[in-house]
Amino acid sequence: MKDQKVLGQNLGSLSDNERLKKQSNFLRGTIEQDLSDRVTGGFTGDNFQLIRFHGMYQQDDRDIRAERQKQKLEPLQNVMLRARMPGGIITSMQWLGIDKFATDYTIYGSIRLTTRQTFQFHGVLKPNVKLMHQTLNQIGIDSIGTAGDVNRNVLCTSNPVESSLHREAYEWAQKISEHLLPKTRAYVEIWLDGEKLIGYQDEEPILGKTYLPRKFKTAVVIPPHNDVDVHANDLSFIAIADNGKLVGFNVLVGGGLSMTHGDTKTYPRKADELGYVSLDKTLDVTTAVVTTQRDWGNRSNRKNSKTKYTLDRVGTDVFKSEVEKRGGMQFEVSRPYAFTEQRGDRIGWVEGIDGKHHLSLFIENGRLLDYSDKPLKTGVAEIAKIHKGDFRITTNQNLIIGGVSKTNKLIIDKIARQHALINDDLSEQRKSSMACVSFPTCPLAMAEAERMLSQFVTSVEGILVKHNVGCEQIVLRVSGCPNGCSRAMLAEIGLVGKALGHYNLYLGGNLEGTRIPKIYRENITEIQILTEIDTLVAFWAKDRNEREGFGDFVIRAGIIEEVIVSKRDFYA
Ligand code: SRM
Ligand code: SF4
């Protein structure tokens, strides 16, 4: 067993984020005072970071930043809110509330569905921030812990067909989310005018007084469909069923996709399997994994603080023993399972085993807005007015209208078509393509992603048609920077922004999301990328084995080497 100091946080002086969490009085800071300060549209000092733990990021529109600077104006500070929505399920009533707030109070008027199964409001000005939280609270939604060094929105496979298994898995996603929520009353006091209890002491038995070293991500997944991308999560629970009933989970730890250009100490990493646990041990294991990462994670260097780096530093076996010790349990050998389905959503209507109908709508980039030729946001709101079932946001930024009765199916289909929410000509390629938000709101963006995707996919569609594989698809993801929010580091073709108009091109992920791609070309333009794709698709179309995916082909053909152990192979 390694020395505790090596295992623990004693890795150098603490980062400034540790100071601010410690001094924050359990995430309160001086956010309340800042709220009434109308001299600036932003949040000052530590509050800039602290509002993240309440689910908000301060942003400004980068398209108009330079112009405002010229005019000697402060950037147009505003807030992006990310809701907490474990498993992504909400009611029609909640949808209508979200829709109204987006329309009435946000600069952009959009609802942005995210890769972690929730929605974001972009562009909320400071005077409307409290109203936003109160409006959401009235419809039973909060944004606690959707950002900051805590457990983020918990994912769950969006599988409306196997309804009873999905229901059970979904309930676990909710339970885990609640279990890991910050317990501080800060959110209730600041945003919901909750009473400030005199003599009350906040406690954080799981997260601790200084919360986690870094963000932490959890997912519940129902094989064979790895839509949640388990290898992007710190902790994943793979549902194991017996006769269609959930009996336990295989537990995975240490997945994560982000890296920093030029820093080989950072890398995307696949998760390791710890073993199987029965359902009654799920929350004990959750607590044990989170507290081990809390105590052993690197609090000095935030670039190396996620669970994936803790595992590589201490060793997966050591981490696993500690989890068993803390959880008062032993992992059993993992139960068999396989991810065999593609990660995309089954767009269109499907009938569940309960006889209900479900409509998966493809929402390009997850951006719900009324465009002149496509009134998408209005369309969904019109559906919500009559829909009795639920809405399910997927990890592919799409939206499922779930649990539709036979009578409502025709009406909903008609509304969806009238508002361009259904497009029968959608290619498989477009369905398998995804981009992160990037410009203009993301402060970390280096290159376009959401705004370039649609046109880029049109070009890729053309290449596939040219080589007679127009009905096929390649999992294509674009991230505006190496943080990889579109999960480009689990794509068959991943574009990662380097500078405006320039990307690194990664190849070699697979359809099921169980392999990390590797760099193929560095810092090239969109046109150069399309030329490379054209050449490679020509090879694939000609030489592939039956049903061989593009990512598998480029590895078999020796075009790119396989990444087996991320830390060793990714930069080799
Ligand atoms: Fe992300 C930071 C958007 C999923 C890795 N991400 C950001 C910020 C908040 C930028 C910032 O820190 O100021 C982006 C806001 C853009 C905007 O204007 O909305 C942002 N991330 C997103 C979303 C909205 C992308 C999307 O198009 O859907 C996703 C929201 C998820 C949610 O609802 O909770 C989103 N981000 C992801 C994912 C994918 C996932 O979790 O499945 C990843 C890669 C997986 C991982 O964590 O390893 C991801 N985002 C990051 C990172 C890198 C973290 C790290 O390990 O170093 C950052 C930067 C950071 O945390 O310092 C980041
Ligand atoms: Fe922003 Fe980078 Fe995430 Fe894209 S990948 S949303 S550019 S942080």
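Residues numbered from 1 in each chain as written. Chains lettered and ligands numbered in written order. Predicted model: local features only at pLDDT ≥ 70, side-chain atom pairs only at ≥ 80, totals over all residues. Heavy atoms only, no water.

1. Let's talk about the sheet that holds strand E12 (residues 357-361)
Taken together, the five strands give an open sheet; going across it, the order is E3-E16-E17-E12-E11, and neighbouring strands pair in antiparallel fashion. Edge positions in the sheet fall to strand E3 (89-91) and strand E11 (348-351), since each has one partner strand and no second. Going across the sheet, the axis of each strand differs from the next one's by a mean of 25°, ignoring polarity. (Pairing = 2+ DSSP bridges. Helix = DSSP H or I, 4+ residues; strand = E, 2+ residues; numbered from the N terminus. Axes fitted to C-alpha atoms, helices over the stretch in contact; angles between N-to-C directions.)

2. With respect to the sheet that holds strand E19 (residues 476-479)
Pairing in this open sheet of five strands is mixed, and the strands run E18-E19-E20-E21-E22 from one edge to the other. The open sheet has two edge strands, strand E18 (433-435) and strand E22 (518-525), and neither has a second partner. When the angles between neighbouring strand axes are averaged without regard to direction, this sheet yields 20°. Across four bridges, the pairing between E19 and strand E20 (residues 493-499) is parallel.

3. Thoughts on the coordination of the iron atom of ligand 1
A lone protein donor binds the iron atom of ligand 1: Cys485 (SG), at 2.3 Å. By the secondary structure assignment, cysteine 485 is in the loop between E19 and E20. (Donors = N, O, S within 2.8 Å, 3.2 Å for Na, K, Ca; no water.)

4. Describing the packing of helix H6 (residues 92-105) against helix H7 (residues 129-138)
Here H6 crosses H7 at 165°, and the two axes come no closer than 10 Å. Overall, the two elements H6 and H7 adopt an arrangement that is roughly antiparallel. Here H6 runs over H7; the crossing is right-handed. Listed contacts from H7 to Ile98, Phe101 and Tyr105 of H6 are Leu131, Met132, Thr135 and Leu136. The class makeup of the residues in the contact of H6 with H7 is six nonpolar, one polar and no charged. (Parallel < 35°, antiparallel > 145°, perpendicular 65-115°, else oblique. Left-handed = near helix turned anticlockwise from the far one by under 90°. Contact = heavy atoms within 4.5 Å. Nonpolar A, V, L, I, M, F, W, Y, C, P; charged D, E, K, R; others polar.)

5. Re the site of ligand 1
Lining the immediate surroundings of ligand 1 are 31 residues, of which Thr114, His122, Thr441, Cys485 and Arg487 lie closest. The contact in question runs from an oxygen atom of ligand 1 to an N or O atom on the backbone of threonine 115, over 2.9 Å. Taking arginine 487, its side chain carries an N or O atom lying 2.6 Å from an oxygen atom of ligand 1. Among the secondary structure elements, those contributing two or more residues to the shell around ligand 1 are strand E1 (56-59), strand E2 (78-82) and strand E5 (119-124). (Near = heavy atom within 4 Å. Polar contact = N/O pair within 3.5 Å; in protein donor to acceptor, adjacent residues only side chain to side chain.)

6. As for the UniProt feature "binding site: siroheme" (unreviewed entry) in the protein chain
The UniProt feature table records "binding site: siroheme" (unreviewed entry) at Cys485. Among the residues examined, cysteine 485 registers a relative accessible area of 47% and is labelled partly exposed. The residues touching cysteine 485, leaving out its near neighbours within four places in the chain, are Thr115, Cys436 and Ser479. (UniProt positions renumbered as here; feature names shortened; annotations may be inferred. Buried < 20%, exposed > 50% of the residue type's maximum accessible area, 1.4 Å probe, protein only.)

7. Topic: helix H16 (residues 450-466)
The terminal C-alpha atoms of H16, which comprises 17 residues, lie 25 Å apart, in line with the 24 Å expected from a rise of 1.5 Å per residue. Three or more residues of H16 are buried, namely Glu450, Met452, Leu453, Phe456, Val457, Val460, Glu461, Ile463 and Leu464. One or two positions beyond H16, positive phi appears at asparagine 468, with a value near 60°. (Expected span 1.5 Å × (residues − 1).)

8. Digging into the pattern of salt bridges
Using the criterion set out here, one finds 50 salt bridges in the structure. With a shortest N-O distance of 3.3 Å, glutamate 472 and arginine 544 are connected by a salt bridge. Within this pair, whereas glutamate 472 is found in the loop between H16 and E19, its partner arginine 544 is found in the loop between helix H17 (526-543) and helix H18 (550-556), the two being separated by 72 residues in sequence. Shared partners join several salt bridges into a network, and the residues in it are Glu18, Lys21, Asp149, Arg299 and Arg302. (Salt bridge = Lys/Arg side-chain N within 4 Å of Asp/Glu carboxyl O.)

9. Quick word on helix H10 (residues 282-296)
For H10, spanning 15 residues, the distance from its first C-alpha to its last is 21 Å, which sits close to the expected 21 Å at 1.5 Å a residue. Counting buried residues in H10 gives 11 out of 15 residues, a clear majority hidden from the surface.

10. Thoughts on the pairing of strand E21 (residues 502-507)
Counting buried positions over the six residues of E21 gives five, a clear majority of the element. With six bridges joining them, E20 and E21 adopt antiparallel strand pairing. Bridge pairing in E21 links glycine 497 to tyrosine 503. Connecting E20 to the antiparallel partner E21 that follows it, the hairpin turn spans two residues, and glycine 501 within it adopts a positive phi of roughly 80°. Taken together, the five bridges between E21 and E22 define a ladder with antiparallel strand orientation. Paired with leucine 507 across the bridge in E22 is lysine 518.

11. Structural notes on the layout of surface pockets
Taken as a whole, the second largest pocket spans an internal volume of roughly 760 Å³. Lining the second largest pocket are 34 residues, with Phe362, Ile363, Glu364, Lys374 and Leu376 sitting closest to its centre. When contributions to the lining of the second largest pocket are tallied by element, the ones reaching two or more residues are E11, E12, helix H14 (406-418), helix H15 (428-431) and H16. Looking at side-chain class alone, the lining of the second largest pocket contains 17 nonpolar, seven polar and 10 charged residues. (1 Å grid on protein atoms, 1.4 Å probe; cavity = no way out; pocket = protein on both sides within 12 Å on 5 of 7 lines; lining within 4 Å. Points joined across faces, edges and corners; volume = space filled by probe spheres on them.)

12. Let's talk about unusual backbone geometry
The peptide bond linking proline 223 to proline 224 adopts the cis configuration, its omega dihedral lying at 10°. In this structure, proline 224 sits in the loop between strand E7 (218-221) and strand E8 (235-242). Proline 440 follows phenylalanine 439 through a cis peptide bond whose omega is 5°. Relative to the elements of secondary structure, proline 440 occurs in the loop between E18 and H16. Despite not being glycine, asparagine 25 has its phi angle at roughly 55°, a positive value. Following the sequence through the fold, asparagine 25 ends up in the loop between helix H2 (16-22) and helix H3 (31-36). Phi angles above zero are rare outside glycine, and tyrosine 211 is one such case at about 55°. Position of tyrosine 211 relative to the elements: it lies in the loop between helix H9 (186-191) and E7. A relative accessible area of 0% places tyrosine 211 in the buried class.

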